[in-house]
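Spelled out, the chains give:
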Amino acid sequence: MSWQWFHRLGSPRWFYEKTSPWMPWLAAIALIMFVVGCTWGLAFAPIHSQQGNSYRIIYIHVPSSFLAMAGYYIMAISGAVGLIWRIKLSYMVMKCAAPVGAVLTFISLFSGAIWGKPTWGTWWEWDARLTSMLVLFFLYLGMIALQGAYRNQDTADKTSAILALVGMVNVPIIYKSVDWWYTLHQPATLKLLEKSTIHPSMAYPLIWMILTFYLTYALILLLHTRVEILQREKRTRWVQELVKEAD
Amino acid sequence: MIELPSLGKMLAASLSREITLGFRNHGDIANPAIFFLSIIVFVPLGISPESSVLAGIAPGMIWIVALLATLLSLDRLFQSDYEDGCLEQMVLSGQSLYWLVIAKVFVHWLITGLPLTLLAPVLGVLMALPVEGYYPLVISLLLGTGSLSLIGAIGAALTVALRRGGLLLSLIIMPLYVPVLIFGSGAVRNAIDGSPIGPLLAILGAFLAVSLLLAPLAAAGALKIGLDH
């Protein structure tokens, strides 16, 4: 098997040109899936017996929480790939994944608060999942801050890759420790819907929305990375020609 | 070609250097301890001097202050060696940076973590800590401050090339301190409640072991990157 594709993948130019035709397709599919998923979840899924209509926020809340977690690993793995194989493109993906992940974590926390008010009667509870999500949010903010602190892009890339890796070791530890901290001192009173108790008629639109979020995540990450490529390669001839064509 | 000294010799030499440097600068030793004390003074003034209130928050409060005092002293960990070029010489020396980082962190712990641990019972008295809490407080701080220094060294190394890295250092390291804080203060609280503390101390010990293994690795990598800059 030839490894040429792997090396090519590391070339920002090749990547930019290769992904160009994907973008409208990805955007169109994501948009259609989003509209279908929202209508399905908001209008057709049955009303919850105890929570009424307020449970419908899970169609935003759960997928964004999924991607907030997965996004951290995407960021850390691309950082590791950058450190190991010295692939510039990988650092760009890592850098762009940080703000996207932070926004998703924020959406997850925010929609959780909106959901928490009618169901638990409180905006915020020092519950294990909530707390670990908040810590994850701070980890993302730390990544963004470290990226912004260095003027030299190369140093910024490498240092934040190390931070992402350290965080990757820590995320499960934080998750478990916060979990334990909570259950140790006060047993759960009410709290989150269990997955297994969800009825298929509610679960299918949820799975659909999770897939939609994965696709949208890919789309947004690609868009960010493409902008990053243009910015970092602005002195190269191919970018200048591209800009000239666009004018 | 000059032959490199053995690892043991190098470690002994760098340890004695760090200790000399650390203890020559009296401020570096006294400041975290004074900070530790003065924050604790604020607690009764700001919250309540009632001993029942203080006793309730004592375990967490003492742990949080220990964490802040460690953070405060961390940004000097590699900074002066970076500024005067010693760090560059260390990297160029061909010796394993891993052990040099361990020597530095050990001495940092010796002049911040250990004094805080020894000072903790006094703070316990000021904070009306119940008697059962003293022994777990000292043991958990003894185990935990080691992890705090080690994890903090990663942050110090990541921000070494930045002129004003202190605030950024706190920002990136705080989330990583969450588990140590939870289990450290949890052990003290459990002891007061009469619950077992063994598992929590064991986990603190595990954190120390893992961070002893991995943190110097990350810090050494970060230092090399900082010097390339």
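Residues numbered from 1 in each chain as written. Chains lettered and ligands numbered in written order. Predicted model: local features only at pLDDT ≥ 70, side-chain atom pairs only at ≥ 80, totals over all residues. Heavy atoms only, no water.

### A closer look at the overall build of chain A
Across its full length, chain A holds nine helices and zero strands. Along chain A, helices (α) and strands (β) appear in the sequence α-α-α-α-α-α-α-α-α when read from the amino end. Intrachain contacts of chain A at a sequence separation of at least 6 include 77% that bridge at least 24 residues. Total accessible area on chain A stands at roughly 13200 Å², and carbon and sulfur atoms take up 68% of it. (Helix = DSSP H or I, 4+ residues; strand = E, 2+ residues; numbered from the N terminus. Contact = heavy atoms within 4.5 Å. Areas by Shrake-Rupley, 256 points an atom, 1.4 Å probe, with all protein chains shown as cover.)

### Topic: the environment of Trp238 of chain A
Residues and elements named next belong to chain A. With respect to the element layout, Trp238 can be found in helix H9 (residues 237-246). Residue class for Trp238 comes out buried when judged on its relative accessible area of 11%. Spatially, the C-alpha atoms of Trp238 and Arg13 are 7.8 Å apart, while their sequence positions differ by 225 residues. If sequence neighbours within four positions are ignored, Trp238 has contacts with Pro12, Arg13, Tyr16, Glu17, Ile229, Leu230 and Glu233. (Buried < 20%, exposed > 50% of the residue type's maximum accessible area, 1.4 Å probe, protein only.)

### Digging into the confidence of the model for chain A
Scored by pLDDT, chain A comes out at a mean of 84, with 89% of its residues at no less than 70. Low pLDDT, under 50, characterises residues 184-192 of chain A; the stretch is placed with 16 contacts to residues that sit more than four places away or in other chains. (pLDDT = per-residue confidence, 0-100.)

### Section: the confidence of the model for chain B
Of all residues in chain B, 99% have pLDDT values of 70 or greater, and the mean over the chain is 87. The complex model carries a pTM of 0.88, and its ipTM stands at 0.87.

### Let's talk about the interface of chain B and chain A
The partner chain A presents 25 residues to the 26 residues of chain B that form the contact. Carbon and sulfur atoms make up 83% of the area that chain B and chain A hide from each other, which totals about 2300 Å². It is Leu158, Leu176 and Ile225 of chain B that lose the most area in chain B upon contact with chain A, and together they represent 26% of the buried surface on that side. In this structure, the connection of chain B to chain A is made through zero salt bridges. On the surface where chain B and chain A come into contact, there are one residue pair in polar contact (both at pLDDT 80 or more). Mapped onto the side of chain B that touches chain A, the elements with two or more residues apiece are helix H7 (134-158), helix H8 (166-193) and helix H9 (198-228) of chain B. Examining the composition of the side of chain B that touches chain A, we find that 11 residues originate from one element, H8 of chain B, more than from any other. Here the residues of the side of chain B that touches chain A sort into 21 nonpolar, four polar and one charged. (Buried area = accessible area lost by both parts, 1.4 Å probe. Salt bridge = Lys/Arg side-chain N within 4 Å of Asp/Glu carboxyl O. Polar contact = N/O pair within 3.5 Å; in protein donor to acceptor, adjacent residues only side chain to side chain. Nonpolar A, V, L, I, M, F, W, Y, C, P; charged D, E, K, R; others polar.)

### Focus on unusual backbone geometry
You will see that Arg86 of chain A, though not glycine, has its phi angle at about 55°, which is positive. Tracing the chain through its elements places Arg86 of chain A in the loop between helix H4 (58-85) and helix H5 (88-120). When its relative accessible area of 65% is taken as the criterion, Arg86 of chain A is described as exposed. Even without a glycine there, the phi angle at Ala128 of chain B is positive, about 55°. Within the fold, Ala128 of chain B resides in the loop between helix H6 (97-126) and H7. Of the residues examined, Ala128 of chain B reaches a relative accessible area of 26% and is grouped as partly exposed.

### Thoughts on the packing of helix H3 (residues 22-44) of chain A against helix H8 (residues 200-232) of chain A
Residues and elements named next belong to chain A. Relative orientation of the contacting elements H3 and H8 amounts to 150°, with a least axis distance of 9 Å. Judged on the interaxial angle alone, H8 and H3 are roughly antiparallel. Helix-helix and strand crossings are classified by hand; for H3 and H8 the assignment is left-handed. Split by residue class, the contact of H3 with H8 holds 21 nonpolar, four polar and one charged. (Axes fitted to C-alpha atoms, helices over the stretch in contact; angles between N-to-C directions. Parallel < 35°, antiparallel > 145°, perpendicular 65-115°, else oblique. Left-handed = near helix turned anticlockwise from the far one by under 90°.)

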